[in-house]
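Structural characterization, general
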Amino acid sequence: MRKNYIYALLAVALLLRLLNIAKPIIGINTWRQADTAAMSRNFVEYDGNILHPQIDWGGVPPAQVEAEFQIYTFITSIGYRIFGVNLLIPRLFSIACSLLSMFFLYLMIKKYASEKAALWSVFIYAVLPLNILFQNQVQPEPLMLMSIVGGLYFFDRWIDEETTLLLIASGILVSIACLIKPTSFHIAFPIMYLCWKKYRGKMFFRPALLLYAGFTVAVVVAWYYYAHQIKYQTGISFGIWEYGVDKWGNWKLVSTWNFWNTMIFRVLAEKHFTWLGFPILVFGIYSWKKNRARLFDVWALSTVIYVLIVARGNYVHAYYQFPLIFPAVYYMGTACARYCIPGNLTNKPSLVFHILLLGMFILTGVIYAKALKKQDTSTDTMFLLAEDIRRTIPAETPLVIVDQQDPVVFYNSHTKGWHMFINDLDSLHLSLAARKGAKYLALIHSDFNNTAGELYKNSLAVNNKTIVNNTNSLIVSLEKFK
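Below or above, wherever it landed, is the structure these notes cover. (Residues numbered from 1 in each chain as written. Predicted model: local features only at pLDDT ≥ 70, side-chain atom pairs only at ≥ 80, totals over all residues. Heavy atoms only, no water.)

**As for helix α20 (residues 427-436)**
This is how the line gets drawn: Each residue is placed in one exposure class: buried if its accessible area under a 1.4 Å probe, protein chains only, is under 20% of its type's maximum, exposed if it is over 50%, and partly exposed if it falls in between. Helix and strand labels come from DSSP, where a helix needs a run of H or I of at least four residues and a strand needs a run of E of at least two; each type is numbered from the N terminus. This arc describes the spread of directions from the helix axis toward the C-beta atoms.
Among all positions of α20, only L430, S431, A433 and A434 are buried. Projected down its long axis, α20 carries its buried residues within an arc of 165°, all on one side. What points out from α20, more than 90 degrees from its buried face, is the exposed set L428, R435 and K436. G437 occupies a position one or two residues after α20 and carries a positive phi of about 125°.

Here you go:
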C-alpha cells in the first residue's frame, strides 16, 4: 500500500498549489512574473521566434532583451496560441513541473535512504509555505528546478545502467536548467561526485562523459553569447553579467554578519522552513548515520557554493534559495522517518517531532494567509493604476510609467513604454521620452509622499491635459513635451 502514498502526496501538493490560481499578477514577486508573462504574450502578439524575446518596458516594439533562454515562456506561448492568452496556462505548467520535481526527488531519496524517508521528504516539500506560494506562479523557476532534480536523477540511473537514452535525458534537462539560469551549473558537483565514485580518474577519459559535459557547456555558452549581442543591438538587458554590482559576485556582502543572519534566520529559518520546521532540518543535518548518502551532502554543499556566488540575488529574493530545498528536505525527511512515529506520543522523540511538524503546518497557514492579503485587487495601487490605463489609454499607445522598474503595470494594462524613477520626473526626462514616442505619463499619487518630485507632479496635472486624476492615479498627456 505504501507505494501508492506518493500519488496521494502529489494529489495534496496539487490541491495546495491550485489555491487562488486565478489571481492576477499582484502583490507577490510581481516584477519577475510580469516580465515572464509579458514575454510569453509578446511571442504571440509580435514575434514567435524563441531567439527574439521581447519585454513591455523597452519602448516601442520590437524591444528585444538580453535574457536567459526563454524556453518556459515559449512553451506557454504555444498554449496561448491554442487556448488564448490566459495566466492559467503558465501557472498550470509551473504546477506540473513542481509535481514532477517531487516525483524525481522521491525516486532518488527512496534509492539512497528508504521509501519512508522519501515519503516524508516529499510531504515536507509539498507543504513548505514558499513552495506553495511560488510554485504556481508565472516564472521559469519550477521548470528549472524540475530540470535540476530530473537531470541528476537520470544521470544517477545512467551511472548504474549506462543506457544512452538516460544520459541524453539527463543532458537535455541539465542544459535546460543552465539555460534558464547559468547558476544551475552547481549541479555539476553532485554529478562529478557520482562519476568519481564509480570511475575515479578514468572519468576524464570516457567519451560519453566528455560529450555530455561538452554538449551542456556548448549550448549554454552559445545562447548567452547570442543574448549578449542583443544587448549591444538594443541596449536592453536584465543585467545577467553585471558582476559585483547586481545579483552575483558580491564578495563584500558575503563577508558581513548581516548577510548570514538574513540568509540563515530571516529567510531560510523564518520564511522557507518556518521557525518550527528549521530545528528538524538542523537535527537532520547533524544526526550522524554511517549509511547516510554522501550524494546529498555534496548536493547540499553545491547549493551553498551557489548561494555564495549569487549572494545579492539570494539576499534580496527568497525564491533564489529553492535549489537548496531539495537536499534540505532529504535531511528533514530522513530525520522524520527515523524519529517520528505517526500517532505515537509516548515516545519522547516522536512527541517532539509531532509538535514541531504541527507547529510548522500552522505557521505555513499563517504565512500563506498573510501573502493572500497582499493580493487584494481593490487595494493594490499598481493594479488600480493599470486598470485606469486600460480604461482610458488607447491600446498600443506608448507611455511612461513612474515606478521602481516593476513591469507589472505595463503587463496588467497591456501597454508598452518606458520606466521612470521618481527622481527623474522633470521636464528634461519627459521631453526625451516624448521624442522617443511616449504619448502619456502615468503614476501613483502615494509614491510621491514626502519626495522631491511632489511639487513637480502636482504641476503636471495643472499644466497638461489630464486624462485621469483620482485618489490613486494620475495620467497626463505628454503632447506639450514634444
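Anyway, onward from the coordinates.
**Focus: the sheet that holds strand β2 (residues 417-420)**
Keep this limit in mind: Pairing between strands is defined by DSSP: at least two bridges between them are needed. Helix axes are fitted only over the stretch in contact, all axes being lines through C-alpha atoms; the angle between N-to-C directions runs from 0 to 180 degrees.
Pairing in this open sheet of five strands is mixed, and the strands run β2-β1-β3-β5-β4 from one edge to the other. Unpaired on one side and paired on the other, β2 and β4 (466-469) mark the two borders of the sheet. Along the sheet, successive strands turn relative to each other by an average axial angle of 15°, direction set aside. Sheet topology note: the β4/strand β5 (residues 473-477) ladder contains three bridges and is antiparallel. By the bridge assignment for β5, N469 is matched with L474.

**Brief notes about the packing of helix α7 (residues 141-161) against helix α9 (residues 188-199)**
What counts is decided by this rule: Angles are sorted into four bins: roughly parallel if under 35 degrees, roughly antiparallel if over 145, roughly perpendicular if 65 to 115, and oblique for all others. Whether two residues are in contact is decided by their heavy atoms: any pair within 4.5 Å suffices. Side-chain classes follow a simple rule in which Ala, Val, Leu, Ile, Met, Phe, Trp, Tyr, Cys and Pro form the nonpolar group, Asp, Glu, Lys and Arg form the charged group, and the remainder, Gly included, forms the polar group.
At their nearest, the axes of α7 and α9 sit 10 Å apart, and the two run at 5° to each other. Here α7 lies roughly parallel to α9, going by the angle between them. Between α7, through L152, F155, D156, W158, I159 and D160, and α9, the contact on the second element is made entirely by P190, I191, L194, C195, K198 and Y199. A per-class count over the contact of α7 with α9 returns nine nonpolar, no polar and three charged.

**A short note on unusual backbone geometry**
For the peptide bond that leads from P61 to P62, omega is 0°, which places it in the cis range. In this structure, P62 sits in the loop between α2 (30-45) and α3 (71-83). In this structure, T274 takes a positive phi of about 65° despite not being glycine. Tracing the chain through its elements places T274 in helix α13 (residues 274-286). Its relative accessible area of 1% is what places T274 among the buried residues.

**Focus on helix α10 (residues 207-234)**
Side chains of residues three or four places apart in an α-helix project in the same direction, reflecting 3.6 residues per turn. Selection criterion: How far a helix is expected to stretch is found by multiplying one less than its residue total by 1.5 Å.
Look at α10: 41 Å from first C-alpha to last across 28 residues, which is about the 40 Å you get at 1.5 Å a residue. Among the structural elements, α7, α8 (164-180) and α9 are those in contact with the buried residues of α10. Looking one or two places after α10, you find G235, whose phi comes out positive at around 75°.

**Side note on the side chain of N29**
Stated precisely, the cut-off is as follows: Distance and chemistry together define a polar contact, namely a pair of N or O atoms within 3.5 Å, with one atom able to donate a hydrogen and the other to accept it when in protein, and with adjacent residues in sequence counting only for side-chain atoms on both sides.
Mapped onto the elements of the fold, N29 is located in the loop between α1 (5-18) and α2. Polar contacts involving the side chain of N29 include one to the side chain of Q137, which spans 3.1 Å. Excluding residues that lie within four positions of it along the chain, N29 makes contacts with F134, Q137, Q139 and Y319.

**Focus on the environment of G277**
Within the secondary structure, G277 is located in helix α13. A relative accessible area of 0% means that G277 is categorised as buried. In the structure, G277 is positioned 87 residues away from T364 in sequence and 9.7 Å away in space, judged by C-alpha atoms. Excluding anything up to four places from it in sequence, G277 contacts M332 and M360.

**Let's talk about a positive patch on the surface**
Basically, it comes down to this: Residues form patches when they are more than 30% accessible in relative terms and have no salt bridge. Like charges link within 9 Å. Nonpolar side chains (Val, Leu, Ile, Met, Phe, Trp, Tyr) link within 5 Å. Every accessible area reported is derived by Shrake-Rupley at a probe size of 1.4 Å, with residue values counting cover from the shown protein chains alone. A side-chain nitrogen of Lys or Arg and a carboxyl oxygen of Asp or Glu constitute a salt bridge if their distance falls within 4 Å. Counted as positive: Lys and Arg. Counted as negative: Asp and Glu, with His and the chain ends omitted from the count. Charge positions are represented by NZ for Lys, CZ for Arg, CG for Asp and CD for Glu.
Residues R266, K271, K370, K373 and K374 make up a contiguous surface patch of positive charge. Only α12 (257-272) and α17 (348-373) provide two or more residues apiece to the positive patch.

**Description of the packing of α1 against helix α5 (residues 115-127)**
Relative to each other, α1 and α5 sit at 5°, their axes nearing to 9 Å. Considering the angle they form, α1 stands roughly parallel to α5. Seen from α1, the contacting residues are Y5, I6, L9, A13, L16 and R17; seen from α5, they are L119, V122, F123, Y125, A126 and V127. Looking at side-chain class alone, the contact of α1 with α5 contains eleven nonpolar, no polar and one charged residues.

**Regarding the nonpolar core**
Nonpolar side chains in soluble globular proteins tend to end up buried together. Heads up, the condition is: Nine residue types can take part in a nonpolar core, namely buried Ala, Val, Leu, Ile, Met, Phe, Trp, Tyr and Cys, and a core is a set of them joined through side-chain atoms within 4.5 Å.
Core analysis: the biggest nonpolar cluster contains 141 residues, and F155, F273, W299 and I389 have the highest contact counts within it. Residue contacts for I389: discarding those within four places in its chain leaves L399, I401, V409, S413, T415, A442 and I475. Judged by nonpolar contacts, the second largest core, of 18 residues, contains M420, A434, A438 and F481.

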